[in-house]
Amino acid sequence: MLSDDQMKKNDLFKPRRSDLILIAILAAAAALLAVLFAFGKGHEQGTYAEVVLNGQSYGIYDLKEDQTIRIETDLGYNLIEIQNGSVSMKEADCPDQYCVSKGAVSSSADPIVCLPHRLVIQILPDKTEPVSFDAVSE
Amino acid sequence: MARRVAAAGIFAALALVCSYVESFIPFHFGVPGIKLGLANIVVVTALYFLPVPEVCFVMFLKILISGLLFGNLMSLIYSFAGGILSLAVMMILNKTGWFSVLGVSAAGGVCHNIGQIAAAMLVTGVPVIAYYLPVLMGAGILTGCLIGLVSGRILKILKDHFSFSNS
């Protein structure tokens with residue numbers, strides 16, 4: 001809250017040059033991050049998709065094998081589909097449906113996130129050794 | 001005291017109405033967390049119009065009640081993380097006196113989304129979510145500027161009709 005004195009001294013409701021500088025700095029920071037992420041490591045096509053549930057690895061799946069994975073938890077269910085080397089969220093009963101509208105992904109810089117269900121599908125870069133793969137695929 | 005409580009109540013109610021109105025606007029960017037945040041007009045206006053405890057109260061009520069009415073328990077966690085960070089940053093920037101409501105609101109919008117992403121990274125345990133950060137920051141700047149411009153107009157009108165130090 002401002003006192004009347006402060007109000008009169010400088011009009012805090014009128015955009016100033018310092019605002020534009022601040023906004024430019026923020027935009028530059030966002031752009032820099034975007035460039036770093038775009039050209040940084042990890043932005044590559046992968047052959048394995050890892051499903052992370054509640055912060056823990058739920059399973060690692062081979063993108064070369066077409067399959068559907070149904071995951072049911074207390075929070076709801078998700079139906080993951082792997083087809084033609086990419087993975088997508090086919091169905092989910094989460095309220096926002098962001099994960100479903102995300103579509104098919106195959107890049108390690110492009111995770112599918114279903115925040116309401118605490119579920120993330122991330123593509124593992126090719127170099128990653130799928131340590132638990134054998135255990136999961138039976 | 002009664003005036004302070006009444007003013008805080010009015011702002012909290014207004015924020016909820018804004019959240020309600022916004023729930024009718026279909027808004028799908030394919031990226032979780034991007035919202036217009038109409039209710040933040042009320043929060044930013046309150047920042048200049050109400051004492052600090054009341055501003056926090058308005059923010060808290062807005063997140064809690066709109067989260068329960070129009071969201072779910074998980075979105076509540078993200079909203080709180082974003083709300084607390086953005087409110088803290090806006091209060092500090094406002095205190096410096098260097099920026100007008102436009103800059104304060106833009107920084108608040110960015111910090112809201114940074115807070116949400118940070119909470120999401122903690123909850124899901126997947127750092128890859130950080131890839132959403134640039135998009136979310138850009139969206140935060142845009143919505144923050146819009147909110148700041150509208151709040152500036154509202155505050156100009158309020159200034160002519162109310163004394164800001166009558167609490």
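The structure contained in this document is the topic of the report that follows. (Residues numbered from 1 in each chain as written. Chains lettered and ligands numbered in written order. Predicted model: local features only at pLDDT ≥ 70, side-chain atom pairs only at ≥ 80, totals over all residues. Heavy atoms only, no water.)

Some details on the interface of chain A and chain B
Size of an interface: often given as the accessible area lost when the parts come together.
In step 1: Each partner contributes residues to the interface: chain A has 42 residues there, and chain B has 53 residues.
In step 2: Taken together, both faces of the contact between chain A and chain B bury some 4000 Å²; the carbon and sulfur share is 70%.
In step 3: It is helix α2 (residues 17–39) of chain A that provides the largest number of residues to the side of chain A that touches chain B, a total of 11 residues.
In step 4: Here the residues of the side of chain A that touches chain B are counted per class, giving 24 nonpolar, nine polar and nine charged. (Contact = heavy atoms within 4.5 Å. Buried area = accessible area lost by both parts, 1.4 Å probe. Helix = DSSP H or I, 4+ residues; strand = E, 2+ residues; numbered from the N terminus. Nonpolar A, V, L, I, M, F, W, Y, C, P; charged D, E, K, R; others polar.)

Re the environment of I123 of chain A
Residue and element names in this part refer to chain A.
In step 1: Position of I123 among the secondary structure elements: in strand β7 (residues 119–125).
In step 2: Under the relative-accessibility criterion, I123 is labelled buried at 3%.
In step 3: Between the C-alpha atom of I123 and that of S108, which follows or precedes it by 15 residues, the distance is 4.5 Å.
In step 4: Residues contacting I123, with those up to four places away along its chain left out, are G46, Y48, A49, L63, V87, V105, S106, S107 and S108. (Buried < 20%, exposed > 50% of the residue type's maximum accessible area, 1.4 Å probe, protein only.)

Looking at a nonpolar patch on the surface
In step 1: A grouping of Y20, F24, L69 and F70 of chain B is seen on the molecular surface, where their side chains present a nonpolar patch of about 460 Å² in accessible area.
In step 2: Mapping F24 of chain B onto the fold places it in the loop between α1 (2–22) and α2 (39–49). (Patch = residues over 30% accessible without salt bridge, like charges linked within 9 Å, V, L, I, M, F, W, Y side chains within 5 Å. Areas by Shrake-Rupley, 256 points an atom, 1.4 Å probe, with all protein chains shown as cover. Salt bridge = Lys/Arg side-chain N within 4 Å of Asp/Glu carboxyl O.)

Examining the packing of aromatic side chains
In step 1: As enumerated under the stated definition, the model contains six aromatic pairs over all chains in all.
In step 2: A centroid spacing of 5.7 Å and a plane angle of 85 degrees characterise the contact between F13 of chain A and Y48 of chain B, whose relative ring orientation is edge-to-face. Here the residue F13 of chain A occupies a position in the loop between α1 (4–9) and α2, and Y48 of chain B occupies one in helix α2, the pair thus bridging two chains. The pair formed by F13 of chain A and Y48 of chain B is uniform in burial state, with each residue classed as buried.
In step 3: Aromatic pair F60 of chain B and F80 of chain B: ring centres 5.6 Å apart, planes at 45 degrees, arrangement tilted. Of this pair, F60 of chain B sits in helix α3 (residues 52–70) while F80 of chain B sits in helix α4 (residues 73–96), and the two are 20 residues apart along the sequence.
In step 4: Over the ring of Y77 of chain A we find R70 of chain A; its NZ or CZ atom is 4.4 Å from the centre of that ring. (Phe/Tyr/Trp six-rings, centres within 6.5 Å; stacked < 30°, edge-to-face > 60°. Lys NZ or Arg CZ within 6 Å of the ring centre and 35° of its normal.)

Examining the pairing of strand β4 (residues 76–83) of chain A
Residues and elements named next belong to chain A.
In step 1: Within β4, seven of the eight residues are buried, which leaves it mostly tucked inside the rest of the structure.
In step 2: Pairing between strand β3 (residues 67–73) and β4: seven bridges, direction antiparallel. From the neighbouring strand, Q67 faces β4, where its bridge partner is I82.
In step 3: Counting the residues in the hairpin turn of β3 and β4 gives two residues.
In step 4: Pairing analysis gives six bridges linking β4 to strand β5 (residues 86–92), with the strands arranged antiparallel. (Pairing = 2+ DSSP bridges.)

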